[in-house]
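# Fold and geometry: a report
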Amino acid sequence: MNTDEPLTYVYAVARQTEPLGKLLATLRGVGGAPVGLLADPSDAGPAPLTFVVSPVPHGEFDETALKDHFEDLRWLEEVARAHHDVVQAVAARATVLPLRLATVYQNDSRAGRALAGQHETFARRLAELDAHTEYGVKIYLPPPAGPATPQHPADAGAAAPTTPGKAYLQRRRAQHHVREAVYGQAEQAAAAIEAIAARYTTQRVRHAPQSGALSGPQENVLNDAYLVPDEHAEQFRAALADAARDFPDLRVEVTGPWAPYSFAGPPAEAPDPAGTEERAP
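Quick summary incoming for the structure in this document. Owing to the predicted nature of the structure, the values given are computational and were not obtained by experimental measurement. (Residues numbered from 1 in each chain as written. Predicted model: local features only at pLDDT ≥ 70, side-chain atom pairs only at ≥ 80, totals over all residues. Heavy atoms only, no water.)

Within the chain one finds eight helices and eight strands. Residue burial in the chain is summarised as follows: out of 281 residues, 38% are buried. For the chain, contacts bridging at least 24 residues in sequence account for 79% of all contacts bridging at least 6. With an accessible surface of roughly 15300 Å², the chain has 54% of that area assigned to carbon and sulfur atoms. (Helix = DSSP H or I, 4+ residues; strand = E, 2+ residues; numbered from the N terminus. Buried < 20%, exposed > 50% of the residue type's maximum accessible area, 1.4 Å probe, protein only. Contact = heavy atoms within 4.5 Å. Areas by Shrake-Rupley, 256 points an atom, 1.4 Å probe, with all protein chains shown as cover.)

This brings us to helix 6 (residues 119–129). Along an α-helix, residues three or four apart share an orientation, since each turn contains 3.6 residues. Every buried residue belonging to helix 6 is among His-119, Phe-122, Arg-125, Leu-126 and Leu-129, and all of these are buried. Looking straight down helix 6, one finds its buried side chains confined to an arc of 140°; they lie on one side. Residue Ala-131 follows helix 6 closely and has a positive phi angle near 60°. (Arc of directions from axis to C-beta.)

Our focus in this paragraph is the sheet that holds strand 2 (residues 36–39). Taken in spatial order, the four strands line up as 2-3-1-4 in an open sheet, and their pairing is antiparallel. Looking at the sheet topology across the chains shown, the edges are occupied by strand 2 and strand 4 (97–105). If you compare each strand with its neighbour and ignore which way they point, the axes differ by 30° on average. Across the sheet, helix 4 (residues 73–91) lies against strand 1 (7–15), strand 3 (49–56) and strand 4, angled at about 30° from strand 1, the strand it touches most. (Pairing = 2+ DSSP bridges. Axes fitted to C-alpha atoms, helices over the stretch in contact; angles between N-to-C directions.)

For the rest of this paragraph, the subject is the nonpolar core. With 26 residues, the main nonpolar core has Tyr-9, Tyr-11, Leu-24, Val-30, Val-52, Phe-61 and Val-90 as its most contacted residues. Within the residue set of this core, elements represented by two or more residues are strand 1, helix 1 (18–24), strand 3, helix 4 and strand 4. Discounting residues that sit within four places of it in the chain, Val-90 has contacts with Ala-14, Leu-20, Leu-23, Leu-24, Val-52 and Val-96. Counting residues in each nonpolar core, the second largest holds 21 residues, with Ile-139, Phe-236, Ala-239 and Ala-243 among its members. (Core = buried A, V, L, I, M, F, W, Y, C linked by side-chain atoms within 4.5 Å.)

Moving on, we come to the sheet that holds strand 5 (residues 132–141). Strand order in the open sheet made by the four strands is 6-7-5-8, with antiparallel pairing throughout. In this open sheet, the two strands that pair with only one neighbour each are strand 6 (203–206) and strand 8 (251–258). Each strand axis lies, on average, 20° off the axis of its neighbour in the sheet, ignoring direction. With four bridges connecting them, strand 6 and strand 7 (residues 219–229) associate as antiparallel partners. In the strand pairing of strand 7, Gln-203 is matched with Leu-227.

Counting across every chain of the model gives eight aromatic pairs. Residues Phe-51 and Tyr-105 carry aromatic rings whose centres are separated by 6.1 Å and whose planes lie at 25° to one another, so their mutual orientation is stacked. With Phe-51 in strand 3 and Tyr-105 in strand 4, this residue pair connects regions lying 54 residues apart in the sequence. Comparing Phe-51 with Tyr-105 shows no difference in burial state: the two are buried. The interplanar angle of 50° and the centroid separation of 5.4 Å between the aromatic rings of Phe-61 and Trp-75 together place this pair among those described as tilted. One end of the pair, Phe-61, is in helix 2 (residues 58–61); the other, Trp-75, is in helix 4, and 14 residues separate them in sequence. As far as the burial class goes, Phe-61 and Trp-75 line up, both buried. An aromatic cluster is built from Tyr-9, Tyr-11, Phe-61, Phe-70 and Trp-75, whose rings are joined through pairwise contacts. In this structure, Arg-251 is placed above the aromatic ring of Tyr-140, and the distance from its NZ or CZ to the ring centre is 4.0 Å. (Phe/Tyr/Trp six-rings, centres within 6.5 Å; stacked < 30°, edge-to-face > 60°. Lys NZ or Arg CZ within 6 Å of the ring centre and 35° of its normal.)

Glancing now at the side chain of His-119. Here His-119 lies in helix 6. If near-sequence neighbours (up to four positions away) are discounted, His-119 is found in contact with Asp-40, Asp-43 and Leu-49.

Among the structural elements, Arg-28 can be located in the loop between helix 1 and strand 2. Owing to a relative accessible area of 46%, Arg-28 belongs among the partly exposed residues under this scheme. A sequence separation of 57 residues divides Arg-28 from Asp-85, and the C-alpha atoms of the two residues are 9.0 Å apart. Setting aside chain neighbours within four positions, we find Arg-28 in contact with Ala-33, Pro-34, Val-35 and Val-86.

Per the counting criterion, the structure on display carries eight salt bridges. With a shortest N-O distance of 3.4 Å, Lys-22 and Glu-18 are connected by a salt bridge. Of this pair, Lys-22 and Glu-18 both sit in helix 1, four residues apart, which is roughly one turn of the helix. Looking at Glu-18, the relative accessible area reads 58%, which means it is exposed. With its nearest N and O atoms 3.6 Å apart, the salt bridge here joins Glu-194 to Arg-204. Here Glu-194 is found in helix 7 (residues 164–200), whereas its partner Arg-204 is found in strand 6, with 10 residues between them in sequence. (Salt bridge = Lys/Arg side-chain N within 4 Å of Asp/Glu carboxyl O.)

What follows is the structure in structure tokens.
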């Protein structure tokens, strides 16, 4: 194995067209490398399936190096950003099937055989994604209220005296009731979103709610991705905005349009008949 030769990094599957070729003439990918197309050698159609690819250094993307790099958040962020930028650029010009981050092959020949070996799967999935775009919908709860200010004895009027212990329990009970009401609103909002999605979307993927730094001080309780026909995208967004007004205590966040990451699936579930060496953690 010649470790001086670059590996072939694959971003996505698309159909080879003239507009896509013109776009990639100026596009740069991971490590600033030029991005190109690697067509399926067995596809003789007018718009053959193609991998969107660029060369990457062997010493940085072989199996051993990737195990180390995936512990390096700075490296991972740089590669992920470059990967995303290429996929989004392609999605603006063509139907795109994004592949997993750091999908690499020994060389162009191995990558081409892998594309040919999975031609039917890729072609079927691209057909399902034609004229569709991904949108994300999230529901956030407001931050929990802080401890209530203890009631001053003078404010109690003629009410019976309250011990500090009872006052604390009353405050905690009131906070619990407020939080339960907010969760009830979130359930109603989720039902409203699902009803809207039934009218305007074709597929849904339910991701785990975000937590920590990704969600900030607000609690994320719904994190869905929807595949939306392009002809219904504006109606979908408008209907969500109208529904969100009914739940002023919540934040309903709609993001997109995105390349259909959530609906791409793994690039190779079955054993590869071409005997390729895909390295995709």
